[in-house]
Amino acid sequence: MRRAVKSVLGQDKYDFFFDKFLEYFFTDADAQFFASLGLNCIRVPFNYRHFEDNMDPTAPYNERGFQWLDRIINICGARGIYTILDLHSAPGGQNQDWHCDSGIHLALFWEHREFQDRTIRLWEALAARYKGNTWVAGYNPLNEPADPDHIRLQDWYTRVEKAIRAIDPDHILYLDGNTYSMDFTHFGDPMPNCVYAIHDYSNFGFPKGERHQGGNYAGTDEQVAVLKSQYARKTEYHKRVKAPIWNGEFGPVYANASDGEDWEEVNNARYHLLRDQLKVYKGDQISWSIWLYKDIGFQGMVYAGPTTAYMERFKQFLNKKKRLAADKWGADVRTVAHVFDPLSKWLQDEIPSLRDRYPPHWSIVQYSSRLIRNILLSEELYPEYAENFRDLSYEVLDQLAASFKFENCVQREGLNAVLRDDAISTDAL
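Residue numbers here run from 1 along each chain, matching the order of that chain's written sequence. Per-residue local features are limited, in this predicted model, to residues with pLDDT of at least 70; the limit for side-chain atom pairs, both in listing and counting, is 80 or more; totals at the level of whole chains, interfaces and linings are taken over all residues. For the side-chain quantities, the full set of heavy atoms in the structure was used; hydrogens and water were omitted.

Another aspect to go through is the packing of aromatic side chains. Under the pairing criterion, centres of Phe, Tyr and Trp rings, with the six-membered ring standing for Trp, must be within 6.5 Å; the plane angle then separates stacked pairs below 30 degrees from edge-to-face pairs above 60, leaving the rest tilted. Evaluation of the coordinates by the stated rule reveals 44 aromatic pairs. Ring plane angle 5 degrees and centroid distance 5.5 Å describe the contact between F184 and Y237, whose orientation is recorded as stacked. With F184 in the loop between α7 (178-181) and β5 (194-199) and Y237 in helix α8 (residues 221-241), the pair connects residues that are 53 residues apart, well separated along the chain. Judged by relative accessible area, F184 falls into the buried class, the value being 4%. Three or more aromatic residues link up through ring pairs in this structure, and these residues are Y14, F17, F18, F21, F25, Y310, F314, F317, Y385, F389 and F404. Over the ring of F18 we find R2; its NZ or CZ atom is 3.9 Å from the centre of that ring. Our definition puts a charge over a ring when NZ of Lys or CZ of Arg is within 6 Å of the ring centre and also within 35 degrees of the ring normal. Stacked on the ring of F25, the Lys or Arg K294 has its end atom at 5.1 Å from the ring centre. Each helix is a run of DSSP H or I of at least 4 residues and each strand a run of E of at least 2, with the numbering of both proceeding from the N terminus. Under the scheme applied here, a residue whose accessible area is under 20% of the maximum for its type counts as buried, over 50% as exposed, and between as partly exposed, the area being computed with a 1.4 Å probe on protein chains only.

The following block contains the structure:
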């Protein structure tokens, strides 16, 4: 996507837009608001591409990447907020999904030692940079790893822990479980000063379709039992070895008026779900980081306002992307079910072994969706997205980026009220 935008804008305007986007995306106003809810720690996801070039991975790291991290750490620290540094995308791709930014459906990180070594070298540089920084709560070396062999991840954790500790012996390491932070069945004894992270998304918090479970969440005994059972399964390891628990990601997605007349009812049900999940976590007094802080109106605590320059300019494109269910995350696939349901049935009938592929929680329809919609189709949408930038002036590019300034964003009041109430009740313990 970035390559397509660069081809339209040219290098100078491309650099200007994305620098302004990162500058405006999180400012002191964001930190002040975040702290006002009673929250004191934020997980900061970042991509290895901010630091190194795949065409010359041994070159000195890009100082600009460190400066962006410095900036958000300092902004948050000034407001009493700790940061956890989360490597969301590693060279080669640490999982099979879209968010590791590999562009394919294979996790090549586990197949090539070079990718693993490059990631360790990056963490050595990060450890050297932030050693002694008391506003950094710790390092999250790999987001949602998914190793089909179930042993290479633990070997890599041993290596990266040793490398970081040689430079920075003090910061906590937050180590995600295997298979998207859900599986610790092959983990041995916990390492010292390490927290083992789960991700605890509930299917009740996603649209009808791929991840739907029988209607809106209502907090019935049966539904709450599902939440507790899911959490218990993910934390069995922690309780058995007496390791601390951190929920590094969770949270529903939310509807808007274009999703149907019942969109507010849907959102109220998802706020209810969130409250019940937090009650489960409070039972063990665990810490957590919700996904996510800011976006374009799908899941964030705040989001770019609908009348901002960016949302107005890209409205038609975003509507098309939604209609095609091009995004994996939280897509309502009913608009494309007439295409993918027959395809999935055909695949199931002809190649039933697909049901046994790793990761085991993906259905055949989810596999086919990833390859056809989320990769092939989405790649062909890049030029269409980029064309919206053609011939734009620096002034207009600045306006697009400024759409994400806090003062131009909408606060998701229902979500924030749940988080604020939980913070107040936690302080009262």
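On to the pairing of strand β3 (residues 136-140), then. Most of β3 is tucked away: 5 of the 5 residues are buried. Where strand β2 (residues 82-89) lies against β3, 4 bridges are found, and the strand directions are parallel. Counted as the bridge partner of L85 is Y139 from β3. Throughout, right-handed denotes a crossover for which the path from the first strand over the helix to the second runs clockwise when the strands point away from the viewer. In this view, the connection linking β2 to its parallel neighbour β3 by way of helix α5 (residues 113-130) has right-handed handedness. When DSSP finds two or more bridges between two strands, those strands count as paired. Sheet topology places β3 next to strand β4 (residues 172-176); 2 bridges connect them, and they run parallel. The residue bridging G138 from the neighbouring strand is I172, located in β4. Regarding topology, helix α6 (residues 152-165) serves as the crossover connection from β3 to the parallel β4, and that connection is right-handed.

Here we come to the packing of helix α1 (residues 2-9) against helix α13 (residues 364-387). Angle between the axes and distance between the axes are the two parameters that describe a pair of packed helices. Between α1 and α13, the least distance of the axes is 8 Å, while the angle of their chain directions is 40 degrees. When the interaxial angle is binned, α1 and α13 end up oblique. As α1 runs across α13, the sense of the crossing is right-handed. In this structure, α1 uses A4, V5 and V8 to contact α13, whose residues at the interface are Y382, P383, Y385, A386 and E387. Class assignment of the residues belonging to the contact of α1 with α13 gives a composition of 7 nonpolar, no polar and 1 charged. All axes here are fitted lines through C-alpha atoms, helices being fitted over the stretch that makes contact, and every angle between N-to-C directions spans 0 to 180 degrees. For classification purposes, angles smaller than 35 degrees are called roughly parallel, those larger than 145 roughly antiparallel, those between 65 and 115 roughly perpendicular, and all remaining angles oblique. Here a crossing is taken to be left-handed if its near helix is turned anticlockwise relative to the far helix by less than a right angle, and right-handed if that turn runs clockwise. Any two residues whose heavy atoms approach within 4.5 Å are treated as being in contact. Charged means Asp, Glu, Lys or Arg here, nonpolar means Ala, Val, Leu, Ile, Met, Phe, Trp, Tyr, Cys or Pro, and polar covers whatever is left, Gly included.

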